[in-house]
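The primary structure of each chain is shown beneath.
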Amino acid sequence: MATLTNNRTAVVTGAARGLGFGLVKGLLERGWRVIAGVHREASEELSRLQQQFEGGLLIVKLDIGSDDSVKKASIQAAEWTDSVDLIINNAGVLGDIDRKLPDELDFDEMLHVINVNSLGPLRVTQAFFSMLLRSGRPIVANISSEAGSIGDCGRDNWYGYCMSKSAVNMQSALVHNQLKELGGRVLVLHPGWVQTYIHGELNTSARLTIDQATVNVLGAIEQEADWPDVDGKPPYIDTEFGISLPW
């Protein structure tokens, strides 16, 4: 049985598999207590972590696209802990990335992508905000993407995903403006091309393994003080290469 070494608590969404699972595992191994949000059921790997880190991992059902689900998860979490130090908004969906004009675009699907990717992180941050403010150094880390950069846009498709990530970046800046006045901040993180399940199955052709991406993302969070604000906006970081991205 593993021993926890600090009293810090993190929330991680999309924790059943992929990068979310890697982040949960990495935080537990660093001594954090973790609230792991899963959309459906906990994976066998996540359940084993709960046994390994007894008392250190709370698994909650969390559909970030649903107001009711997020509220219920935050109530369950509040019965387990009275404070949160870090929220990692990792859960997301890809949607259609192939169609472009003059193809017939699926606007209902785009609304779903924006609801999950853009409003989902805001739902989670809002629901856990009271607990977050009890931290001495509250941090929100939003997993975004280079696809959300307007300044570095070269695509002519991926409409729903790109627009949803640009909206994540905007809401990150808005939350950051409030949080920095309260002793905390927001980080906007692009983890790189990771072998995740965002396509529905494991994308083994991607450049980074889950373990590699986990080390990069957690490293950026742990060294957040080394990343200054950019013209008042939160840092927008490519965690693979350790560089800032253009907004």
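Residues numbered from 1 in each chain as written. Predicted model: local features only at pLDDT ≥ 70, side-chain atom pairs only at ≥ 80, totals over all residues. Heavy atoms only, no water.

## Quick notes on the pattern of salt bridges
Argument step 1. Taken as a whole and judged by the stated rule, the model has twelve salt bridges.
Argument step 2. Note that arginine 123 is salt-bridged to aspartate 67, the shortest N-O span being 2.5 Å. Taken together, the residues arginine 123 in helix H4 (residues 107-132) and aspartate 67 in helix H3 (residues 67-78) connect sequence positions 56 residues apart.
Argument step 3. Relative accessible area serves as the criterion here: at 17%, arginine 123 is assigned to the buried category. (Salt bridge = Lys/Arg side-chain N within 4 Å of Asp/Glu carboxyl O. Helix = DSSP H or I, 4+ residues; strand = E, 2+ residues; numbered from the N terminus. Buried < 20%, exposed > 50% of the residue type's maximum accessible area, 1.4 Å probe, protein only.)

## Brief notes about the nonpolar core
Argument step 1. Counting 35 residues, the largest nonpolar core has Val24 and Ile88 as the members making the most contacts within it.
Argument step 2. Grouped together as the second largest cluster of nonpolar side chains are 22 residues, Val124, Met131, Val175 and Leu179 included. (Core = buried A, V, L, I, M, F, W, Y, C linked by side-chain atoms within 4.5 Å.)

## Focus on the sheet that holds strand S1 (residues 9-12)
Argument step 1. With respect to topology, eight strands assemble into an open sheet ordered S3-S2-S1-S4-S5-S6-S7-S8, the strand pairing being mixed. Each having just a single partner strand, strand S3 (57-61) and strand S8 (243-244) make up the two edges of the open sheet.
Argument step 2. Of the strand pairs in this sheet, S1 and strand S4 (residues 86-89) are connected by three bridges, and their pairing is parallel. Residue pairing across strands places valine 12 opposite isoleucine 88, the latter belonging to S4.
Argument step 3. Running at roughly 160° to strand S6 (residues 185-190), helix H5 (residues 159-179) makes contact with strand S5 (139-143), S6 and strand S7 (236-238) of the sheet. (Pairing = 2+ DSSP bridges. Contact = heavy atoms within 4.5 Å. Axes fitted to C-alpha atoms, helices over the stretch in contact; angles between N-to-C directions.)

## Points about helix H6 (residues 210-222)
Side chains that are three or four residues apart share a direction in an α-helix, a result of its 3.6 residues per turn.
Argument step 1. Helix length check: H6, at 13 residues, gives a terminal C-alpha distance of 18 Å against a target of 18 Å (1.5 Å per residue), a fit within 8%.
Argument step 2. All of the buried residues in H6 are Ile210, Ala213, Thr214, Val217, Leu218, Gly219, Ala220 and Ile221.
Argument step 3. Buried residues belonging to H6 abut helix H1 (18-29), S4, S5 and S6. (Expected span 1.5 Å × (residues − 1).)

## Digging into the packing of H3 against H4
Argument step 1. Following both chains from N to C, one finds H3 and H4 inclined at 25°, their axes separated by 9 Å at the closest point. Put simply, H3 runs roughly parallel to H4. For the pair H3 and H4, the crossing hand works out as right-handed. Mapping the contact onto sequence places Asp67, Val70, Ala73, Ser74, Ala77 and Ala78 in H3 and Arg123, Val124, Ala127, Phe128 and Met131 in H4.
Argument step 2. In the contact of H3 with H4, the residues fall into eight nonpolar, one polar and two charged. (Parallel < 35°, antiparallel > 145°, perpendicular 65-115°, else oblique. Left-handed = near helix turned anticlockwise from the far one by under 90°. Nonpolar A, V, L, I, M, F, W, Y, C, P; charged D, E, K, R; others polar.)

## Observations regarding the state of the cysteines
Argument step 1. Counted by the stated rule, this structure contains zero disulfides.
Argument step 2. No disulfide involves cysteine 153; its sulfur sits 6.0 Å from the nearest other cysteine sulfur, which is in cysteine 162.
Argument step 3. The exposed category is assigned to cysteine 153, whose relative accessible area is 55%.
Argument step 4. For cysteine 162, a relative accessible area of 12% gives the class buried. (Disulfide = S-S within 2.5 Å.)

## Description of the pairing of S6
Argument step 1. A large share of S6 lies buried, amounting to six of its six residues.
Argument step 2. Where burial is concerned, the two faces of S6 agree: the one with Arg185, Leu187 and Leu189 and the one with Val186, Val188 and His190 are both buried.
Argument step 3. Strand direction decides the pairing type here: S5 and S6, joined by five bridges, are parallel. Pairing of valine 140 across the sheet is with valine 186, part of S6.
Argument step 4. As defined by bridge partners, S6 adjoins S7 across three bridges and the pair is classed as parallel. Bridge pairing in S7 places histidine 190 opposite aspartate 238.

## Some words on the packing of aromatic side chains
Argument step 1. Scanning all chains against the criterion turns up two aromatic pairs.
Argument step 2. Ring geometry for tryptophan 158 and tyrosine 161: centres 5.8 Å apart, planes at 65°, overall edge-to-face.
Argument step 3. A cation over an aromatic ring shows up here: arginine 33 above the ring of tryptophan 80, its NZ or CZ 4.0 Å from the ring centre.
Argument step 4. Here the guanidinium or amino end of arginine 155 rests over the ring plane of tryptophan 158, the centre of that ring lying 4.4 Å away. (Phe/Tyr/Trp six-rings, centres within 6.5 Å; stacked < 30°, edge-to-face > 60°. Lys NZ or Arg CZ within 6 Å of the ring centre and 35° of its normal.)

## Some points on the environment of leucine 182
Argument step 1. Following the sequence through the fold, leucine 182 ends up in the loop between H5 and S6.
Argument step 2. Relative accessible area serves as the criterion here: at 44%, leucine 182 is assigned to the partly exposed category.
Argument step 3. Sequence separation between leucine 182 and arginine 137 is 45 residues; the distance between their C-alpha atoms is 8.8 Å.
Argument step 4. For leucine 182, the contacting residues outside a window of four places in its chain are Phe129, Leu133 and Pro138.

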